[in-house]
Every structure is written in structure tokens, then in C-alpha cells.
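Descriptive structure summary
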Amino acid sequence: MQAELIVDALDRYCAAHHFLDRVSIESLHSTGSTRELARMLGEQLTVAYLKTPFTVRAARSVPGAADVAHRDRTKLSRGAEKIAAAADAVIDNRGSRLQLERALDRIALSARWPSHQPETVPLNTLGLPVHLEAYLSAVLDRTAGSR
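Note that the structure is a prediction, hence the values are computed from the model and not measured.

This part takes up the overall build of the chain. Per the secondary structure count, the chain includes seven helices and two strands. The helix and strand sequence of the chain, counted from the amino end, reads α-α-β-α-α-α-β-α-α. Computed over the C-alpha atoms, the radius of gyration of the chain is 24 Å, more than 25% above the 15 Å expected from 2.2 N^0.38 for a compact globule of 147 residues. Seen through its C-alpha atoms, the chain measures out along the principal axes to roughly 70 × 40 × 25 Å. Across the chain, contacts joining residues at least 24 apart in sequence account for 62% of those joining residues at least 6 apart. Charge separation in the chain, taken as the distance between the mean sites of 19 positive and 17 negative side-chain charges, equals 8 Å.

The next point concerns the pattern of salt bridges. Across all of its chains, the model carries six salt bridges by this definition. With a shortest N-O distance of 2.6 Å, R57 and D72 are connected by a salt bridge. Of this pair, R57 sits in helix α3 (residues 54-60) while D72 sits in helix α4 (residues 65-78); the two residues are 15 residues apart in sequence, bridging distant segments of the chain. Accessibility expressed as a relative area gives 25% for R57, which makes it partly exposed. Classification of D72 by relative accessible area gives buried; the value is 16%. Residues R94 and D92 are paired through a salt bridge, measuring 2.6 Å at the closest nitrogen-oxygen approach. Assessed through its relative accessible area of 46%, D92 is described here as partly exposed.

Turning next to the side chain of S61. Turning to its location among the elements, S61 is positioned in the loop between α3 and α4. Here S61 falls in the buried class, since its relative accessible area comes to 14%. Within polar-contact distance, the side chain of S61 engages the backbone nitrogen of G64 at 3.2 Å. Discounting residues that sit within four places of it in the chain, S61 has contacts with D67, V68 and R71.

Quick look at the nonpolar core now. A3, L37, L41, L45, V47, I83 and A87 together form the largest nonpolar core, which totals seven residues. Discounting chain neighbours no more than four positions away, the residues touching A3 are S33, E36, L37 and M40.

About the thresholds
Residues numbered from 1 in each chain as written. Predicted model: local features only at pLDDT ≥ 70, side-chain atom pairs only at ≥ 80, totals over all residues. Heavy atoms only, no water. Helix = DSSP H or I, 4+ residues; strand = E, 2+ residues; numbered from the N terminus. Rg over C-alpha atoms; globule rule 2.2 N^0.38 Å. Contact = heavy atoms within 4.5 Å. Lys, Arg positive; Asp, Glu negative; His and termini not counted. Charge placed at Lys NZ, Arg CZ, Asp CG, Glu CD. Salt bridge = Lys/Arg side-chain N within 4 Å of Asp/Glu carboxyl O. Buried < 20%, exposed > 50% of the residue type's maximum accessible area, 1.4 Å probe, protein only. Polar contact = N/O pair within 3.5 Å; in protein donor to acceptor, adjacent residues only side chain to side chain. Core = buried A, V, L, I, M, F, W, Y, C linked by side-chain atoms within 4.5 Å.

This is how it looks when you write it as C-alpha cells:
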């Protein structure tokens with residue numbers, strides 16, 4: 001039921017914000033709800049689990065370690081630690097905020113722009129005019145060497 005309510009809320013949010021093509025849900029704690037969301041949303045959902053040691057979370061917490069421990073007990077009672085095993089991505093969150101944002105960006109961009117390995121082709125097969133081919137050849141030699 002919780003997963004259905006989340007999907008309903010997402011549907012209403014996306015209808016009101018038609019210009020969005022991606023949304024994120026933060027802090028899913030229930031294994032059952034996460035599993036049900038995955039079933040309902042299929043490939044549209046990517047579950048990312050942020051793995052952060054207690055000491056790091058306690059150091060980042062404004063209220064302090066006792067608050068983090070209290071929230072951990074709540075999350076554990078809901079089965080949050082089991083979500084990592086079923087997650088599509090487990091992110092080490094010990095680093096900076098920028099490192100976290102880059103990891104999340106990689107997840108978002110990999111769905112939109114799958115990575116491709118560029119192919120190397122001989123310069124003379126591009127069909128360029130002779131003067132442009134000579135110029136490009138000189139630029140490549142200066143920047144990349146003989147390779």
C-alpha cells in the first residue's frame with residue numbers, strides 16, 4: 001500500500017511538472033516498499049543505496065551521534081540495511097558532497113546517454129578538402145604526436 005501511495009504521489013507530481021523527465025525519491029527505508037516500487041515501476045526506477053559509516057554520519061549530523069543512532073534504529077526496524085543487497089547501485093558516501101553528486105550524476109546520465117567508445121579512423125578517410133586535411137594533420141601531430 002505504501003508503494004502505491006508513493007507511485008500515486010509521483011504521478012501527481014509529474015503531471016503538475018510536465019517538463020520533468022526524471023525525479024528522485026530520497027530515503028526509502030522499507031525493503032518491502034522498495035521491492036514493490038521496483039515491481040511497479042520496472043526499468044523506470046533505479047535504486048541507489050548510500051553506504052556511509054556511522055562515524056561519518058555522526059560527524060556530519062548537527063544534532064549529534066545520539067540522533068543518528070536513534071534514526072538508525074528506526075531504519076533498521078524497517079529493514080533498510082537489506083535494500084543495499086537489492087540496489088542497482090551502492091554508493092560509498094564517505095567522501096565530499098561533490099563526489100556524491102558526481103556518482104548520482106553518473107547514474108542519471110547513464111540512462112540518458114549510454115557511454116560509447118569512440119572509433120579512431122584514418123584522417124584521409126574523412127573526405128576533407130586537401131588544405132583542411134593538412135591543417136588537421138598538423139594539429140593532431142602537435143597535440144597527440146605521431147600516434
